[in-house]
Amino acid sequence: MGETEVICSSETHRFPVVEGIPVMTDEEALRADPHYERQRTYFAAEFAGYGRYELEPWRKSYLRRLRGAGILDPDSGPLLDVGVGGSGYTVIEAARAGLDAVGCDLSFEALARARAFAENEGVAERTFWVCCSTEALPFAKESFGSVLAIAVYEHVPDDRAAWREAARVLRPGGQLWVTVPHALRNVARIFRPSNRRHDRRLGHLRRYEAGELRATAKSYGLTARDIQFAAHSIKVLQLALTDWLPKRWRDPFWWWCERHDLRRDHAPRGAMHLSALFRREQ
C-alpha cells in the first residue's frame with residue numbers, strides 16, 4: 001500500500017497509514033487508560049515471541065470448529081476478526097480458503113507481524129489489517145458476511161459497544177462467532193483459583209453465562225444458532241502433560257484430550273470457555 005493516510009468519507013478525519021496498516025485509534029486516550037496500557041504491554045510482549053507462522057494444534061482445532069460452522073466457506077462473504085492478535089491465523093487461513101479477510105487489533109506490533117506472516121504465506125492480496133478498537137469499528141454497516149470475536153469481549157471496557165459494532169457491520173444472514181470465558185460458578189471448584197489468576201494476568205474484566213450471551217445478542221438482532229462449551233477438566237491434563245511426553249506421543253495425546261473435550265461441547269458444567277454462533281436476522 002503506497003498511501004500515507006486514509007480519509008473518512010466526510011473528509012473530517014484523517015488517519016496515518018504505517019507499513020501498510022491504517023492506524024485508526026485515539027492514541028492519547030488509549031495511553032491515558034491504565035487498563036488499555038496494561039493490555040497493550042502484556043500482549044506486545046507475547047506477540048514478540050511469534051518468530052514464524054505456525055498452526056499449533058489448538059489453532060487447528062479452532063479452525064475445524066469454524067469450518068464446521070460454515071465461517072470459512074468461500075461463499076460466506078468477507079470475514080472480519082476484531083481481535084486478531086499477532087499470528088493472524090484466522091485471517092490468513094480464511095484468505096487461503098478464498099475469502100477476503102480483515103484483521104483488527106489495538107496492537108500495531110501484532111498487526112505488523114500478522115501482515116508479514118500473510119505475505120510469507122502468499123495470501124497478502126486477500127488480507128487487510130487495521131489498527132482500531134472493537135468498540136468503534138471503522139467500517140460501513142453490513143460490510144461482512146462473518147465476524148469473529150475470539151477472546152475479545154472479556155477484555156474491553158464497553159462490551160455492549162463491541163456487540164453493537166459487530167452487529168452493525170454484519171450483513172443480514174451473516175454469522176458472528178464469539179468465544180469468552182465461562183462464568184466461574186460453572187467451573188470445578190478446584191480450578192477456580194487458577195482461573196482467577198488467569199483473569200488477572202490477562203486483564204479479563206468479566207466472564208459470561210450462555211443465557212447472557214443469547215440475551216445480549218438478541219438485543220442487537222442476532223439469533224443464537226449454537227452454543228458450545230469447551231475446556232472441561234480434561235484440558236488441564238492436556239496442558240499439564242503434553243510437553244512432558246516423548247515427542248512421538250505428544251500430538252496423539254493432545255488430540256485424544258481434545259476429542260474427549262469436544263465430545264462434551266454441549267455440557268456447560270465444568271467448562272471454562274464457551275463459544276456461541278449467532279446469525280444476524282434480515
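The structure this text deals with has already been given above.
Residues numbered from 1 in each chain as written. Predicted model: local features only at pLDDT ≥ 70, side-chain atom pairs only at ≥ 80, totals over all residues. Heavy atoms only, no water.

1. Considering a positive patch on the surface
Working step 1: On the surface, a cluster of positive charge is made up of K60, R64, R67, R259 and R263.
Working step 2: If one sorts the elements of the positive patch by residue count, helix α3 (residues 57-68) sits on top with three residues.
Working step 3: Examined against the element boundaries, R64 turns out to sit in helix α3.
Working step 4: For R64, a relative accessible area of 54% puts it in the exposed group. (Patch = residues over 30% accessible without salt bridge, like charges linked within 9 Å, V, L, I, M, F, W, Y side chains within 5 Å. Areas by Shrake-Rupley, 256 points an atom, 1.4 Å probe, with all protein chains shown as cover. Salt bridge = Lys/Arg side-chain N within 4 Å of Asp/Glu carboxyl O. Lys, Arg positive; Asp, Glu negative; His and termini not counted. Charge placed at Lys NZ, Arg CZ, Asp CG, Glu CD. Helix = DSSP H or I, 4+ residues; strand = E, 2+ residues; numbered from the N terminus. Buried < 20%, exposed > 50% of the residue type's maximum accessible area, 1.4 Å probe, protein only.)

2. Focus on the side chain of T127
Working step 1: Structurally, the position occupied by T127 is in strand β6 (residues 127-131).
Working step 2: We classify T127 as buried; its relative accessible area is 12%.
Working step 3: There is a polar contact of 3.3 Å between the side chain of T127 and the side chain of W129.
Working step 4: With residues up to four places along the chain from it excluded, the contact list for T127 reads V91, A95, A101 and A118. (Polar contact = N/O pair within 3.5 Å; in protein donor to acceptor, adjacent residues only side chain to side chain. Contact = heavy atoms within 4.5 Å.)

3. Digging into the sheet that holds strand β10 (residues 273-280)
Working step 1: Taken in spatial order, the seven strands line up as β6-β5-β4-β7-β8-β10-β9 in an open sheet, and their pairing is mixed. Pairing within the sheet leaves two strands with one partner each, and these edge strands are β6 and β9 (222-230). Neighbour-to-neighbour, the strand axes of this sheet turn through a mean angle of 15°, independent of strand direction.
Working step 2: Lying on the sheet, α3 is in contact with β7 (144-150), β8 (170-181), β9 and β10; it crosses β8 at an angle near 145°. (Pairing = 2+ DSSP bridges. Axes fitted to C-alpha atoms, helices over the stretch in contact; angles between N-to-C directions.)

4. Considerations on a nonpolar patch on the surface
Working step 1: Where nonpolar side chains cluster on the molecular surface, the patch consists of L237, L241 and W256 and spans about 260 Å² of accessible area.
Working step 2: Here W256 is to be found in helix α10 (residues 247-262).
Working step 3: In this structure W256 comes out as partly exposed when scored by relative accessible area, which is 41%.

5. Overview of the packing of aromatic side chains
Working step 1: Applying the stated rule across the entire model yields eleven aromatic pairs.
Working step 2: A centroid spacing of 6.5 Å and a plane angle of 80° characterise the contact between W58 and Y62, whose relative ring orientation is edge-to-face. Remark: Y62 and W58 occur in helix α3; sequence separation between them is four residues, near one turn of the helix.
Working step 3: For Y62, a relative accessible area of 12% gives the class buried.
Working step 4: For the ring pair F139 and F144, a centre distance of 5.3 Å and an interplane angle of 85° mean the geometry is edge-to-face. (Phe/Tyr/Trp six-rings, centres within 6.5 Å; stacked < 30°, edge-to-face > 60°.)

6. Regarding the state of the cysteines
Disulfides are covalent bonds that link the sulfur atoms of two cysteine residues.
Working step 1: Per the counting criterion, the structure on display carries zero disulfides.
Working step 2: C132 carries a free sulfur, and the closest cysteine sulfur to it, the one in C104, is 3.6 Å from it.
Working step 3: A residue is classified by how much of its surface remains accessible, and C132, at 1% relative accessible area, is buried. (Disulfide = S-S within 2.5 Å.)

7. As for the pattern of salt bridges
Working step 1: All chains considered together, the criterion is met by 13 salt bridges.
Working step 2: Two residues, E56 and R59, come together in a salt bridge whose shortest N-O distance is 2.3 Å.
Working step 3: You can call R59 buried: its relative accessible area is 5%.
Working step 4: Beyond isolated ion pairs, a larger network of salt bridges with shared partners links E93, R96 and E121.

8. Description of helix α7 (residues 192-202)
Working step 1: By the burial criterion, the buried members of α7 are R192, N195, D199 and L202. Along the axis of α7, the buried residues cluster in a sector spanning 95°; they form a single face.
Working step 2: Those residues of α7 hidden inside the fold are in contact with α2 (34-47).
Working step 3: Just downstream of α7, G203 is the residue with a positive phi angle, here 80°. (Arc of directions from axis to C-beta.)

9. A few points about the nonpolar core
Working step 1: If you look at the biggest cluster of nonpolar residues, it comprises 37 residues, and the most contacted ones within it are L80, F139, V147, Y153, W163, L176 and F278.
Working step 2: Taken together, the elements giving at least two residues each to this core come down to β5 (101-105), β7, α6 (159-169), β8, α8 (210-219), β9 and β10.
Working step 3: Looking at which element gives the most residues to this core, the answer is α6, with five residues.
Working step 4: Those residues in contact with V147 that lie beyond four places of it in its chain are L80, V82, A166, V169, L170, Q175, L176 and W177.
Working step 5: Listed in part, the 34 residues of the second largest apolar core include I21, V91, A101 and V123. (Core = buried A, V, L, I, M, F, W, Y, C linked by side-chain atoms within 4.5 Å.)

10. A word on the packing of helix α9 (residues 234-241) against α10
In a packed pair of helices, the relevant descriptors are the angle between the two axes and the axis-to-axis distance.
Working step 1: Close contact between α9 and α10 brings their axes to 9 Å; oriented N to C, the two are set at 170°. By the angle between their axes, α9 is roughly antiparallel relative to α10. Where α9 crosses over α10, the handedness of that crossing is left-handed. Contacts from I234, K235, L237, Q238 and L241 in α9 reach F253, W254, W256, C257, E258, H260 and D261 in α10.
Working step 2: Considered class by class, the residues forming the contact of α9 with α10 number seven nonpolar, two polar and three charged. (Parallel < 35°, antiparallel > 145°, perpendicular 65-115°, else oblique. Left-handed = near helix turned anticlockwise from the far one by under 90°. Nonpolar A, V, L, I, M, F, W, Y, C, P; charged D, E, K, R; others polar.)

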